[in-house]
Amino acid sequence: MRIIFFTLVIFFIVITATLLAINDPGYVLFVRPPWSVEISLSFFIIAAILFIILVFVSGYITYRAWIIPKQVDHWRRNRRFQKSRQALTNGLINLAEADWLQAEANLISDIRGSDFPLAHYLGAAFASQLQNNPEKRDEFIQQALKECPENSFTISMMQAQLQQQAGQFEQALAILTDLKSQRPEHIPTLIQLANVHKAMGDWPSLATLTRELQSKHNVSTEQLVNQESLAYMGLLAAPLPQEGENILNHVWSSIPQNLQQRPGIVAAYCRQLMSQQRFEEAEKTLRRSLNENWHESLVRLYGQMKLGDISLQLKQCDKWLADHPDSIGLLNSYAHLRLLQGELEIALTHLKRAAHLGYDAQTQSLMAQVLEMQGEPGEALQLYRQTMELGTRN
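The following refers to the structure shown. These numbers come from a predicted model, not from an experiment.

## Focus on unusual backbone geometry
Part 1: Positive phi, close to 65 degrees, is recorded for Ala98, a residue that is not glycine.
Part 2: Its place among the elements puts Ala98 in the loop between α2 (41–96) and α3 (100–108).
Part 3: Residue class for Ala98 comes out partly exposed when judged on its relative accessible area of 42%.
Part 4: Despite not being glycine, Gln277 has its phi angle at roughly 65 degrees, a positive value.
Part 5: For Gln277, the location among the structural elements is in the loop between α12 (263–275) and α13 (279–292).

## Considering the side chain of Ser229
Part 1: Residue placement: Ser229 occurs in helix α10 (residues 222–237).
Part 2: Take Ser229: its relative accessible area is 5%, and that puts it in the buried class.
Part 3: A distance of 3.5 Å separates a polar atom in the side chain of Ser229 from a polar atom in the side chain of Arg262.
Part 4: Those residues within four positions of Ser229 in sequence are excluded, and the remaining contacts are Leu259, Arg262 and Ile265.

## Some words on the pattern of salt bridges
Part 1: Within the structure shown, the criterion is met by 7 salt bridges.
Part 2: In this structure, the salt-bridge partner of Lys136 is Glu104, at a minimum N-O distance of 2.8 Å. Separated by 32 residues along the polypeptide, Lys136 in helix α5 (residues 134–147) and Glu104 in helix α3 bring together distant segments of the chain.

## Let's talk about the packing of helix α17 (residues 344–357) against helix α18 (residues 361–373)
Part 1: The geometry of α17 relative to α18 is characterised by a closest axis approach of 10 Å and an angle of 150 degrees between their N-to-C directions. One element, α17, and the other, α18, form an angle in the roughly antiparallel class. The chirality of how α17 crosses α18 is left-handed. Two secondary-structure elements touch here, α17 through Leu344, Ala347, Leu348, Leu351, Lys352, Ala354 and Ala355 and α18 through Thr363, Leu366, Met367, Val370 and Met373.
Part 2: Here the residues of the contact of α17 with α18 are counted per class, giving 10 nonpolar, 1 polar and 1 charged.

## Focus: the packing of aromatic side chains
We describe a pair of aromatic rings using the distance from one ring centre to the other and the angle between the two ring planes.
Part 1: On inspection of all chains with the given rule, the structure shows 3 aromatic pairs.
Part 2: With centroids separated by 5.0 Å and ring planes inclined at 70 degrees, the aromatic side chains of Tyr302 and Trp320 adopt a geometry described as edge-to-face. Taken together, the positions of Tyr302 in helix α14 (residues 296–302) and Trp320 in helix α15 (residues 310–323) put the pair 18 residues apart, joining distant regions of the chain. In this pair, the class of Tyr302 matches that of Trp320, namely buried.
Part 3: Ring pairs connect the aromatic residues Trp294, Tyr302 and Trp320, which therefore count as one cluster.

## Describing the nonpolar core
Part 1: Residues Leu176, Tyr232, Leu236, Ile255, Ile265 and Leu286 are the most contacted members of the largest nonpolar core, which totals 53 residues.
Part 2: With 8 residues, α12 is the largest single contributor of residues to this core.
Part 3: Not counting chain neighbours up to four residues away, the residues in contact with Leu176 comprise Met157, Ala160, Gln164, Thr189, Gln192, Leu193 and Val196.
Part 4: Core analysis: the next-biggest nonpolar cluster, separate from the first, contains 17 residues, Tyr121, Cys148, Ile155 and Leu162 among them.

## Topic: a nonpolar patch on the surface
Part 1: Together, Phe30, Val37, Phe44, Ile45, Ile46, Ile49, Leu50, Ile53, Phe56, Val57, Tyr60 and Ile61 line one region of the surface with nonpolar side chains, adding up to about 1200 Å² of accessible area.
Part 2: A per-element tally of the nonpolar patch places α2 first, with 10 residues.
Part 3: If you trace the backbone, Ile53 turns up in helix α2.

## Points about α15
Part 1: For α15, built from 14 residues, the straight-helix expectation of 20 Å at 1.5 Å per residue is met to within 8% by its first-to-last C-alpha distance of 21 Å.
Part 2: Buried within α15 are the following residues: Ile310, Gln313, Leu314, Gln316, Cys317, Trp320 and Leu321. Across the axial projection of α15, the buried residues extend over an arc of 165 degrees, all falling on one side. Facing away from the buried side of α15, by more than 90 degrees, are the exposed residues Lys315, Lys319, Ala322 and Asp323.
Part 3: Close packing links the buried residues of α15 with α13, α14, α16 (328–340) and α17.

Parameters at a glance
Residues numbered from 1 in each chain as written. Predicted model: local features only at pLDDT ≥ 70, side-chain atom pairs only at ≥ 80, totals over all residues. Heavy atoms only, no water. Helix = DSSP H or I, 4+ residues; strand = E, 2+ residues; numbered from the N terminus. Buried < 20%, exposed > 50% of the residue type's maximum accessible area, 1.4 Å probe, protein only. Polar contact = N/O pair within 3.5 Å; in protein donor to acceptor, adjacent residues only side chain to side chain. Contact = heavy atoms within 4.5 Å. Salt bridge = Lys/Arg side-chain N within 4 Å of Asp/Glu carboxyl O. Axes fitted to C-alpha atoms, helices over the stretch in contact; angles between N-to-C directions. Parallel < 35°, antiparallel > 145°, perpendicular 65-115°, else oblique. Left-handed = near helix turned anticlockwise from the far one by under 90°. Nonpolar A, V, L, I, M, F, W, Y, C, P; charged D, E, K, R; others polar. Phe/Tyr/Trp six-rings, centres within 6.5 Å; stacked < 30°, edge-to-face > 60°. Core = buried A, V, L, I, M, F, W, Y, C linked by side-chain atoms within 4.5 Å. Patch = residues over 30% accessible without salt bridge, like charges linked within 9 Å, V, L, I, M, F, W, Y side chains within 5 Å. Areas by Shrake-Rupley, 256 points an atom, 1.4 Å probe, with all protein chains shown as cover. Expected span 1.5 Å × (residues − 1). Arc of directions from axis to C-beta.

Below, the structure written as C-alpha cells:
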C-alpha cells in the first residue's frame, strides 16, 4: 500500500514539473568570460538528479566492495561458531546417553570456531576418562591449559577430580596441594584434599584438615564430621609399638570431646586398649559410653573383653538387661560371658531369646559353640552353615 502511495506521489510531482516546464521552461546561465552556457532549467534539474544518483550508486558500490571481505569473514566465523556450538550440544547429549566414544568425537570437532573451548576440552577429557584412557584424558587437559591459561585453576581442579575417580590419588594430591598454596581459602579444594587423604589412609593429615575446615572456615557438614571421625578411627586403629601407651593416650586426648562419644571412635579406642592388655580401662570406657549413649556395636565389644573377674562384667550386663531386655547385642555378650564361665544352659537360654528377636550371625555362631560343647555336633554344624550363608549374603 505504501509503495503504491509513494509511486502516485512521485508520478504527481513529475507531471506537475513537466507542465510547469512546458509553460515556463526557464533557463540556467553559466558565465565564465569569455564564455557563457545557457541551458533549460528542466534539463539542468534532470542532469543534477542523474548526477546525484550516479554519485550515490558509485559510492554504494565502492562501500560494498570494501566491506564484502569483512562480511564474508564474519559469515565464515559465524558459521564455524554455529557448527562448534552444535558439536558441543551433541557431545553433551552423547555424554548424557553414555556414548563416550561419540561424545569425545563431537566435543573435539570444530573447537577452533568455539567461543568456549574450555567446555569442549573438559568434556572430552571426561569422556576419555570414562573410556579408561587416562593418557588421552591428560592430553585434553594439557590442551585446555594451553588454550585457556586464564582458567588454569578450574582445569586443575577438574584434573584432580578425574584422577581421584581413576584411583590416581598421589597425582591428585600433588595437584590439590599446589592449588591449596594458590588459594588457601578455597573450600572446594580443601574438601577434595580431605577426600584424597581419606582415600590414601593418611589419617593425621585428614584429621588436621577437617579441624582446619571447621575452625578457620566454619564448614561443618555431616560428611565432614564423618570424615573427621574416620580420621580419628584410623589413627586409633593404626599399629602401635609394644610400649605405645603414651601414643594412644595422646591420640585420644587430641580428639574433640563431641567425637569421643561416637561409637566408632569409642570402639577403635577400646580395641587398641585391649590390644595393650589394658582391659580395665577399656571396660570403664565402654561402660561409661553405653550408660550415656546405648549402641549395639559397643555392647557386643563389651562381651568380648576378658577381665580378670568376669563376674563384674556379668553384674553390669544384668543391670543393662533390666533397661534393654530386647538388645540382641547385649544378650549375645551376656551369653558369651556365661559360656566362658561354663554355664552352657544359661548361655543357650539367652541365645534362644536373641534368636527369637532377630536373625543374627553372632547369635548363630555362639549357639553352635554351645551345642558343640553339649555334644550335639549335628545341630552345631547346621548352625555353622547357616552362619556362613548369612555372612555370604551380607
